[in-house]
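# Fold and geometry: a report
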Amino acid sequence: MSGGWAARLSTRLRARPSVGAVTASLIDEIDANRERWMLWSPVAFGLGAAGYLELRAEPSWALLAGLAAGLAILAALIGRRSATGLSVVLVLATFLAAGALAGKVRSHAVAAPILAGERTVMTIDGFVVDVVSPGAGGPRLLIAPVRISRLAPEDTPKRVRVTVEAEDIPAPGQAIRLRAMLGPPPPPAAPGAYDFARDAWFHGVGGVGFAIGQSQPATLDPPPWRLRAAMAVNAFRWRLASRIVEDMGVARGGVAAAMVTGHEAWITQDQTDAMRASGLAHILSISGLHMAIVGGFAFGLVRLLIAAWPWAALRVPGKKVAAVAGLAAVATYLVISGAPPPALRAAITATVAFAAILFDRQAITLHGLAIAALVILIVQPESAGAPGFQMSFAATAALVALAEAWPRPVREISAPWWIRAIQGALSWLAVSVGASFVAGMATGPFAMQHFNRVAVWGLPANLLVAPLSSFVIMPFLALGAALEPFGLGRPFLAIAGWGIAAMMGIANGFASAGGAQKVVASGPPFTLALAFVGLMLLCLWRGRLRWLGAPLALAVALWPRAAPPDAWIAPDGTTAAVRQGREAVLLRPDARRFGAELWSRRRGLTLPDSAAPSPLYACDRRACAPAAGAPVALALSWSKAAPDADGLAAMCAEAEIVVLRGVAPSIPPACRDRIVLDADDFAAGGAAELYRRGGEWWIVWAQPLRGVRPWTGPPPEPRWMPDGPMTRSPNAKAF
C-alpha cells in the first residue's frame, strides 16, 4: 500500500511543470499578446493625463516635452533593431509622457480669469449660454458675462455659473442683468475629495454664486458668432425640453427632457434619490447607453426598411446606408443633448463603430474602443480624471471583452418556432445578466471611490429596466423628439411616458427595499489606479495571466480603511461636523449640507436626514458650544467678525478646539492650551479633518493636497502655510 502511495506521489511530481516549462509558457503567452500591445496605448496615455492632474506643482514645458520626445526617439531607435519587450515598454512610456504633456497643453489652452477672494455682491451683464444641471440650491444658469461690476475687462471670467430661483429661468440666448453673490469656484469639500475648481477650470467657469433678486432684460452688443450659434442650439434644446414637459407632465416629462436634451431642471429630488438608491441614476445622464440605443435604433430601422423594399435590397448596400443613418442620428442627438462630455465621448465611440462598418471592418472591437478612447483623451485629456469617463471606458471595455469571449450559439436546423423562441429568450436573459453583472463589476470600484454608494439591488433593477429603456423609452423618445417641432410627437411621447412611469415604479420599489443603498468609505487614492490596471488586465490580456488582474481589480473594495477622522471643518470655517461612532453629527444642519454629505460619505459615515439641531451642541444665531456628552469638545463661531478677547476666552473655557470664521484677535491666556483655527488658517489650508491620536490632535488640510496649480488660484499669503498632516501643540495656535 505504501508502495502504491509512493508511486502516485512520484507520478504527480513528474507531472508537475518544471521552471523551464513555466517560463516557456509565459513567453508563449506574451508572444500571443504581441498584436494587442497597442490596446494599452490609451491606458498609458490616460494614466499620464491623470498623473498630470494629480501633481501638486505645475510641471515645466521643457520637462514634459523633453521627456516625451526623448522616450519617443529611444523607442524608435530600439524598435528598429528588434521588437523586444523593452521597445514595447518604451512605447507605452512614451504614451504615458504624451498624456501628461497633453494635459499641460489643454490646461494652458483653456486658461481664463478666475475670481479671487471671498464672495461679493456683483452685477452681471451678459448672455445666458445655457440652463445647466441644477445644484443643491436650485436651477443654475451658465452666463457669458460682458461686464461684471468691480472687475476690469481683463479680470472678467469667460463664464460664470449662477443659481437662480425656479420661477426665474431665462431662456438661453437672452441678454440679462443680474445681481449675484459671486466668488471663485469652490475648493474640495474635504481633503482629497473631488476638486470642483479643477472641473470648472477646464469648462471655462471662473466664478460661481447665487442670484439676489430677479434677473432683468439688458441691452448688449451682439455677441461673437460662435457664442450666438451655441446659444441658438441651446435655445432650441430648451424649447424642446419645455414642450416635452408640457406634453408629458412634470412627473414623466422631467425625466424625458433629461434623457433627450440633458436638462434636469424638472427632475424632483425624490426621483433623483430613488434612481440613485436603485442603481438606475446612469439612465438620467446622457451617456454611451443613450447614444448606443439611438444610433442602434436608427441603424436597425433603416436597414429593415431597405430589406423590406425588394428594389432597394437588390441595389443598395443596406448595411452601409444604415451606418450613415446611425452616424446622422448620433450627430443629431449629440447636438440636441448639448454635447456634454459623456455624450461627446459616447458619440466618438459610436462614430468609430459606424465608420468601421463603412470600411468593412468589425464594428465592435477592443481596437475600435482603443482608437475612440485615444481620440477622446487627446481632445480632452482632463477626461482621464473624470468619474464619467473612467466608468464608461471601464464598462465598455468589459462589455467588448465579454463579447469577444462569449460563446457563439449553435443554430438549430428546422427546429419548431416555440423551441427557437424559448432558446432566444434564454439566450437574451443570459446575455442581459452577464452584461449587467460585468458592467456593474467594472464600474463598481469607481462608484465606491468617487460616490461612496453601492446600490444593493442595482443588478435586478437594471435587468428589469433594460428592455424598457432599449425598446420603449429611448426609441419612442427619439421619434417623439424628432416630430415634436412639427407638432406630431405627442403620441410617441405618450408611449415613452408609459415606459418612464414603469421605470420610476421599479426604481421606487427597489429604493424602498431594505438596505437598498450602502455607504462605502473611499480607499487610499492609489487603490483606484490599481483597480483600473487590474480591470484592463482582465479585459485586454489573452491567456491565464489575465487573472492576475482580479485581485488588483478588487483593491478599492478590499483595501483596509483607516479610522475615520474625529471632526471635519468646512473650507471657509462656517460649519463643522464630528464623528459619533459611524454617524456624523452636524453642528449646523442647515448650512453647507452638501459639503458635509460629501465628507461623511467619503469617510463611510451616515448623516441624519433630519435638519434639527443636535442636542450634543448648544447653538444660537452665531455660535455653537459643546454640551455634555459631545464626542468632540468643539466650539464654532460662524460670524464674519470673530469674538472679542473675552468671548474667545469663554469659548476656550468650554472647548478644546475653537473654530472661527473670522480672524482671531490676540490669543487670551485661557486659549493657550487650546487649538484655535481662524480665517487665516482656512485661507491657507482649506477644509480640514482632525484626528485624535495619542492625546494629540492631528490635522489634514485640503490645500496642500491640491498644491499650487492653475485652477487653485494664486497661493495665499497668510501667516503660515500647512505642509500636509501636522500636529498641533496643545499650547500654541497654528502659525
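As shown above, the structure is provided for reference.
On a predicted model such as this, the values are computed, not experimentally measured, just so you know. (Residues numbered from 1 in each chain as written. Predicted model: local features only at pLDDT ≥ 70, side-chain atom pairs only at ≥ 80, totals over all residues. Heavy atoms only, no water.)

## Focus on the overall build of the protein
When helices and strands are tallied, the protein shows 25 helices and 19 strands. For the protein, whose C-alpha radius of gyration is 29 Å, the value lies close to the compact-globule estimate of 27 Å for 735 residues. Viewed in the frame of its principal axes, the protein has a C-alpha envelope of about 95 × 85 × 55 Å. Burial statistics for the protein: of 735 residues in total, 45% are counted as buried. In the protein, 66% of the contacts between residues at least 6 apart in sequence involve partners at least 24 apart. Put simply, the protein shows about 35700 Å² of open surface, and 65% of that area lies on carbon and sulfur atoms. Distance between charge centres in the protein, computed from 65 positive and 46 negative side chains, equals 10 Å. (Helix = DSSP H or I, 4+ residues; strand = E, 2+ residues; numbered from the N terminus. Rg over C-alpha atoms; globule rule 2.2 N^0.38 Å. Buried < 20%, exposed > 50% of the residue type's maximum accessible area, 1.4 Å probe, protein only. Contact = heavy atoms within 4.5 Å. Areas by Shrake-Rupley, 256 points an atom, 1.4 Å probe, with all protein chains shown as cover. Lys, Arg positive; Asp, Glu negative; His and termini not counted. Charge placed at Lys NZ, Arg CZ, Asp CG, Glu CD.)

## Points about the layout of surface pockets
Looking at the second largest pocket, its volume works out to about 370 Å³. Along the wall of the second largest pocket there are 19 residues; nearest its centre are Val294, Thr332, Ile336, Ala478 and Ala482. Of all elements in the fold, only helix 10 (288-308), helix 12 (318-336) and helix 17 (458-483) reach the threshold of two or more residues within the lining of the second largest pocket. In terms of residue class, the lining of the second largest pocket is made up of 18 nonpolar, 1 polar and no charged. (1 Å grid on protein atoms, 1.4 Å probe; cavity = no way out; pocket = protein on both sides within 12 Å on 5 of 7 lines; lining within 4 Å. Points joined across faces, edges and corners; volume = space filled by probe spheres on them. Nonpolar A, V, L, I, M, F, W, Y, C, P; charged D, E, K, R; others polar.)

## Notes on the pattern of salt bridges
In the structure shown here, the tally under the stated rule is 16 salt bridges. In this structure, the salt-bridge partner of Glu58 is Lys104, at a minimum N-O distance of 3.3 Å. With Glu58 in the loop between helix 3 (41-54) and helix 4 (61-81) and Lys104 in helix 5 (residues 85-109), this residue pair connects regions lying 46 residues apart in the sequence. Among the residues examined, Lys104 registers a relative accessible area of 9% and is labelled buried. The salt bridge partner of Lys320 is Asp360, with a shortest N-O separation of 3.4 Å. With Lys320 in helix 12 and Asp360 in the loop between helix 13 (341-358) and helix 14 (366-379), this residue pair connects regions lying 40 residues apart in the sequence. Relative accessible area serves as the criterion here: at 29%, Lys320 is assigned to the partly exposed category. Residue classification places Asp360 among the exposed positions, given a relative accessible area of 57%. What you see here is one network of salt bridges that share partners, running through Glu58, Lys104 and Arg709. (Salt bridge = Lys/Arg side-chain N within 4 Å of Asp/Glu carboxyl O.)

## Structural notes on the sheet that holds strand 12 (residues 617-619)
Strand order across the open sheet formed by 5 strands is 12-13-14-15-16, with mixed pairing between neighbours. Every other strand in the sheet has two partners, leaving strand 12 and strand 16 (675-677) as the edge strands with one partner each. Pairs of neighbouring strands in the sheet enclose a mean axial angle of 15 degrees, with direction left out of account. (Pairing = 2+ DSSP bridges. Axes fitted to C-alpha atoms, helices over the stretch in contact; angles between N-to-C directions.)

## Some details on the packing of helix 7 (residues 225-248) against helix 18 (residues 490-511)
When two helices pack together, their arrangement is captured by the angle between the axes and the distance separating the axes. Two numbers describe how helix 7 lies on helix 18: the axes approach to 10 Å, and their chain directions differ by 75 degrees. Considered as vectors, helix 7 and helix 18 are oriented roughly perpendicular to each other. Between helix 7, through Ile244, Asp247 and Met248, and helix 18, the contact on the second element is made entirely by Arg490, Leu493, Ala496, Gly497 and Ile500. Partitioning the contact of helix 7 with helix 18 into residue classes produces 5 nonpolar, 1 polar and 2 charged. (Parallel < 35°, antiparallel > 145°, perpendicular 65-115°, else oblique.)

## Here we look at empty space enclosed by the protein
Counted according to the given criterion, the structure contains 1 cavity of 30 Å³ or more. For the largest cavity, the calculated volume is near 40 Å³. Taken together, Leu39, Pro42, Leu366, Leu369, Ala370, Phe393, Ala397, Met536 and Leu540 make up the lining of the largest cavity. Of all elements in the fold, only helix 14, helix 15 (387-405) and helix 19 (525-540) reach the threshold of two or more residues within the lining of the largest cavity.

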